[in-house]
Amino acid sequence: MFERKSMGMTQVPARYPASAFDIFNVYFEQIYDPTMHVLFTFDGRIDDAILKISTKRLISSNPYLGTGFIEVDGISVWEEIPKDRWEGAFVHVTSGDPLGSSSDRIPPPLDVRSGPQVRVILTRCKEGDHVCITCHHGFCDATGAMTLGKELFAIYRGIIDDPDYFPPETGTYDRTTDRILALYSSEERRRAVKEDEPFIDLWHFPVEDIGRGQPTIAWRTLSPERLELIKRFGRRYDATVNDLLIAAFFLAFKKVRDDPSDSGNPRSILTSADMRRLLKDQEEIPPMNLSVAFLVSLTIVEEAGPEEIIAQITAVTNRRKTGCLGPSCITFYEGILAGGMSSVRAFFDEMIKRYQSSGQKNPVFSNLGIIDPNDYLPVPGKDGCQLDLMNFQFIPCVCWPYGFLVTASTFRGQLTLMTAYEEGPYSTVTVERFLKYMDEFLP
């Protein structure tokens, strides 16, 4: 951690080093909007005054939340911002349409450089209050965003019980992936890098043009009965629900492209793994970036269905689960950062040139898993009654050409597929058709 310094009459704000994963997820803003939103729908009214206080105390409990991302002397850091800027972290919309899938409206992006690194929007709707928690992927991954939700509602409960309640402070904490690398020997790390598949882009989602458009979302929600059918089908092939979602994603992507060259040739998608699963013996990990990306590559013949490709997928995912999943991705980014910020900028410049010249960008699929409402409840209402959590939605990063991302999450037995994109460069008709195909390829 950098010390706070005094320079004459001016005191330099506290600064904390940004990790490699922080830096790269900030710089990915050059190819998509890294803002993420977690939306909660309750069946009654939340105490807005207490939620506002809870937001401020959440920021005060974590020194990184009250910062902005900056570069100083060639080093990227999280720099403490003035506390008066915290006021923008809470927004109360007294009446209006809900955000998210109820109206297709996406909350505004979060400026990672101005901070703070969290924003809470309370929207008062007829059917109940909606709470949206927004953060930036440069600050944390999807799991970190959901952790912020848990922390916010825990503080809210604490203040209702005791108005003088303040949550325990996290202090500065290790935001690097060092603890993940420490789980592997030097030989395991070398082998992981050697055996890992290089990131080569082989196809892209159909686009109308490469400009910018209007951020919007599209989604598909499957019933609990449908999810049971998917699980039953998976057991026949020793496949998980995630394996089958990847299969449906591949097949829908191939079908929506309708490109003969995709048949019989290798094609890849990017997916992610949360490395917290290797740290299960630790307490709740503060919000940070601890997810790694890896490729899943298949060869799909014409007219193939899930039955024909599921074995290829389980072979990849099972190998990843038993092998060295994390070291390769971590070593890749750490190696670039070792060359300084000039190397990071050169990496992104080359990436963008490659996308522009080839027009290829592998799509991304990410499964957030099962969302447990008890992680957020109980939430007392403004009238003293306990509120129920009626719905949970995760709005992922907004893509523009040539990227494309779908996330999956399961809440109260319902499986939701969600994508965020810019309408104009992408045709909403095409995006909806893709989700329809993905639905149809699932049992």
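Read on for a plain summary of the structure.

So, how was this worked out
Residues numbered from 1 in each chain as written. Predicted model: local features only at pLDDT ≥ 70, side-chain atom pairs only at ≥ 80, totals over all residues. Heavy atoms only, no water. Axes fitted to C-alpha atoms, helices over the stretch in contact; angles between N-to-C directions. Helix = DSSP H or I, 4+ residues; strand = E, 2+ residues; numbered from the N terminus. Parallel < 35°, antiparallel > 145°, perpendicular 65-115°, else oblique. Contact = heavy atoms within 4.5 Å. Nonpolar A, V, L, I, M, F, W, Y, C, P; charged D, E, K, R; others polar. Buried < 20%, exposed > 50% of the residue type's maximum accessible area, 1.4 Å probe, protein only. Disulfide = S-S within 2.5 Å. Pairing = 2+ DSSP bridges. Core = buried A, V, L, I, M, F, W, Y, C linked by side-chain atoms within 4.5 Å. Phe/Tyr/Trp six-rings, centres within 6.5 Å; stacked < 30°, edge-to-face > 60°. Lys NZ or Arg CZ within 6 Å of the ring centre and 35° of its normal.

1. With respect to the packing of helix H5 (residues 186–195) against helix H9 (residues 326–337)
Axis separation between H5 and H9 bottoms out at 8 Å; the angle between their running directions is 80 degrees. The angle between H5 and H9 falls in the class roughly perpendicular. Facing H5, whose interface residues are Arg189, Ala192 and Val193, H9 presents Pro327, Ser328 and Thr331. Each residue belonging to the contact of H5 with H9 can be placed in one class, and the counts come to three nonpolar, two polar and one charged.

2. A few points about unusual backbone geometry
In the segment running from Gly115 into Pro116, the intervening peptide bond is cis, with an omega of -5 degrees. Put simply, Pro401 and Tyr402 share a cis peptide bond, and its omega is 10 degrees. On the secondary structure map, Tyr402 appears in the loop between strand S18 (398–399) and strand S19 (405–411). A positive phi angle is found at Asp238, which is not glycine, with a value near 50 degrees. Of note, Asp238 is situated in the loop between helix H6 (224–236) and helix H7 (241–257). Overall, the relative accessible area of 70% leaves Asp238 in the exposed class. Positive phi values are uncommon outside glycine, yet Asp258 reaches one of about 50 degrees. Structurally, Asp258 is set in the loop between H7 and strand S12 (266–274).

3. Overview of the state of the cysteines
Taken as a whole and judged by the stated rule, the model has zero disulfides. Here Cys132 stays free of any disulfide, with the sulfur of Cys135 as its closest cysteine sulfur at 9.6 Å. Cysteine Cys135 is unpaired, with the sulfur of Cys140 as its nearest cysteine sulfur at 3.6 Å.

4. So, the sheet that holds strand S8 (residues 90–93)
With mixed pairing, five strands are arranged side by side in an open sheet as S8-S9-S10-S5-S17. The outermost strands of the open sheet, each flanked by one partner alone, are S8 and strand S17 (389–395). Pairs of neighbouring strands in the sheet enclose a mean axial angle of 15 degrees, with direction left out of account. Across six bridges, the pairing between strand S5 (residues 35–42) and S17 is antiparallel. Among the inter-strand pairings, Leu39 is bridged to a residue of S17, identified as Gln393.

5. As for the sheet that holds strand S6 (residues 67–72)
Across a sheet, paired strands are connected by hydrogen bonds in the backbone, their directions being either parallel or antiparallel. Ordered by their spatial adjacency, three strands build an open sheet running S3-S7-S6, and the pairing between neighbours is antiparallel. Each having just a single partner strand, strand S3 (15–17) and S6 make up the two edges of the open sheet. On average, each strand axis in the sheet is tilted by 35 degrees relative to the strand beside it, whichever way the strands run. For S3 and strand S7 (residues 75–80), the ladder comprises three bridges, and the chain directions are antiparallel. By the bridge assignment for S7, Pro17 is matched with Val77.

6. Looking at the nonpolar core
Generally speaking, nonpolar side chains in soluble globular proteins are found buried as a group. Residues Phe42 and Phe434 are the most contacted members of the largest nonpolar core, which totals 126 residues. Contacts of Phe434, omitting those with residues within four sequence positions, involve Phe205, Phe249, Ala252, Phe253, Val256, Phe404 and Val406. The next biggest cluster of nonpolar side chains, apart from the first, holds nine residues, and it includes Ile106, Ile121, Met418 and Ala420.

7. Overview of the side chain of Asp439
You can see Asp439 is positioned in helix H11 (residues 428–441). Under the relative-accessibility criterion, Asp439 is labelled buried at 13%. When neighbours within four sequence positions are excluded, Asp439 is seen to be in contact with Arg220, Leu222 and Arg226.

8. So, the packing of aromatic side chains
Under the definition given, this model contains 35 aromatic pairs. Measuring from centroid to centroid gives 4.5 Å for Phe24 and Tyr333, while their planes differ by 50 degrees, and the two rings are tilted. A residue pair is termed long-range when its members are at least 10 positions apart, and Phe24 in helix H1 (residues 20–27) and Tyr333 in helix H9 qualify at 309 residues. On the basis of an interplanar angle of 75 degrees and a centroid distance of 5.5 Å, the ring pair of Phe42 and Phe153 is categorised as edge-to-face. Of this pair, Phe42 sits in strand S5 while Phe153 sits in helix H3 (residues 142–161), and the two are 111 residues apart along the sequence. By the ring-pair criterion, three or more aromatic residues cluster together here, those being Phe21, Phe24, Tyr27, Phe28, Tyr32, Phe199, Phe332, Tyr333, Phe347 and Phe348. Sitting over the face of the ring of Phe166, Arg57 holds its NZ or CZ atom 4.0 Å from the ring centroid.

9. What to know about the pairing of S19
Across the seven residues that make up S19, a large majority, seven, are buried. Residues Leu405, Thr407, Ser409 and Phe411 of S19 are buried on one face, and the alternating residues Val406, Ala408 and Thr410, pointing to the opposite face, are buried as well. One ladder, built from six bridges, connects strand S14 (residues 364–371) with S19; its direction is parallel. Each bridged residue has a counterpart across the sheet, and for Ile371 the counterpart in S19 is Phe411. Two elements, S19 and strand S20 (residues 414–423), share five bridges in a ladder whose sense is antiparallel. Across the sheet, Thr407 pairs through a bridge with Met418, a residue of S20. Hairpin connection between S19 and S20: a loop of two residues separates the two successive antiparallel strands, and Arg412 in this loop has a positive phi of roughly 50 degrees.

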